[in-house]
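Next come the chains, spelled out residue by residue.
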Amino acid sequence: EGEQKPRAWLRTDAAEGYGVFSPDGRWVAYFSTETGWPEIYVQGFPEIRGKWVVSQGGGMRPKWRADGKELYWATPGGELMAAPIDLQPQVVRVGKPEVLFRLPTRERSNSGVEFEPARDGRRFLTLDPVGEPRDPPMVVVLHWAAGLGK
């Protein structure tokens, strides 16, 4: 209602990203490097009320189950993790994270690990690289100056 101006919701010196709203729109899950390592956090929205660490051992690309009762993320090592989440009006209760499976990844991929959970969290859509990654062959020419005509 009325005139609204954009404002920063979160501003720190750390790298943050991949923010996703909970299904009820009252919480945001995101990654931050504030500890020096990417971890998954949940904070209230639109007002910041508390901050809870969800991941243990790193995390990127958080995604909510459609009912908001579970959060998924990828570890730096390529595992898909899940943790039960209990969203209360002022508090988030995070259950013990568990490894679901290893995500198919390709080394040196710019896109990292991609996945999308089904609404019920029982299936996941992932990108599965086709074939082996290949670097172009390196060619070293020795005594190249001798090949230049005199």
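Scroll up a little and you will see the structure.
Residues numbered from 1 in each chain as written. Predicted model: local features only at pLDDT ≥ 70, side-chain atom pairs only at ≥ 80, totals over all residues. Heavy atoms only, no water.

Chemist: I'd like to hear about the overall build of the protein chain, residue by residue, with values.
Modeler: Tallying secondary structure elements over the protein chain gives zero helices and 11 strands in all. Each helix and strand of the protein chain, ordered N terminal to C terminal, gives the series β-β-β-β-β-β-β-β-β-β-β. Within the span of the protein chain, comprising 150 residues, buried residues form 31% of the whole. Intrachain contacts of the protein chain at a sequence separation of at least 6 include 34% that bridge at least 24 residues. For the protein chain, the exposed surface amounts to about 10500 Å²; the carbon and sulfur share of it is 52%. (Helix = DSSP H or I, 4+ residues; strand = E, 2+ residues; numbered from the N terminus. Buried < 20%, exposed > 50% of the residue type's maximum accessible area, 1.4 Å probe, protein only. Contact = heavy atoms within 4.5 Å. Areas by Shrake-Rupley, 256 points an atom, 1.4 Å probe, with all protein chains shown as cover.)

Chemist: Go over the packing of aromatic side chains with me, naming the residues and quoting the values.
Modeler: All chains considered together, the criterion is met by six aromatic pairs. Between the aromatic rings of Trp-27 and Trp-52, the centroid separation amounts to 5.7 Å while the plane-to-plane angle is 75 degrees, which identifies the pairing as edge-to-face. You can see Trp-27 sitting in strand E2 (residues 27–32) and its partner Trp-52 sitting in strand E4 (residues 51–53), a full 25 residues away along the chain. Counting every residue linked through ring pairs, the aromatic cluster contains Tyr-72, Phe-101 and Phe-124. Across the ring face of Tyr-41, the terminal group of Lys-51 is positioned such that the distance to the ring centre comes to 5.5 Å. (Phe/Tyr/Trp six-rings, centres within 6.5 Å; stacked < 30°, edge-to-face > 60°. Lys NZ or Arg CZ within 6 Å of the ring centre and 35° of its normal.)

Chemist: Pulling in residues and values, what's your account of the pairing of strand E3 (residues 39–44)?
Modeler: For E3, a buried count of six out of six residues is recorded, marking the element as mostly surrounded by other parts of the structure. The turn linking E2 back onto E3 is made up of six residues, and Gly-36 within it adopts a positive phi angle of 95 degrees. By the bridge criterion, three bridges tie E3 to E4 in an arrangement that is antiparallel. Looking across to E4, one finds that Tyr-41 is bridged to Val-53. Counting the residues between successive antiparallel strands, the hairpin from E3 to E4 contains six residues, one of them, Gly-50, with a positive phi of roughly 75 degrees. (Pairing = 2+ DSSP bridges.)

Chemist: How would you explain the sheet that holds E4 if you had to name every residue and give the values?
Modeler: Taken together, four strands build an open sheet; the order of strands is E1-E2-E3-E4 and the sheet is antiparallel. Of all the strands in the sheet, the pair left with one neighbour each is strand E1 (16–21) and E4. Neighbour to neighbour, the strand axes of the sheet diverge by 25 degrees on average, direction disregarded. (Axes fitted to C-alpha atoms, helices over the stretch in contact; angles between N-to-C directions.)

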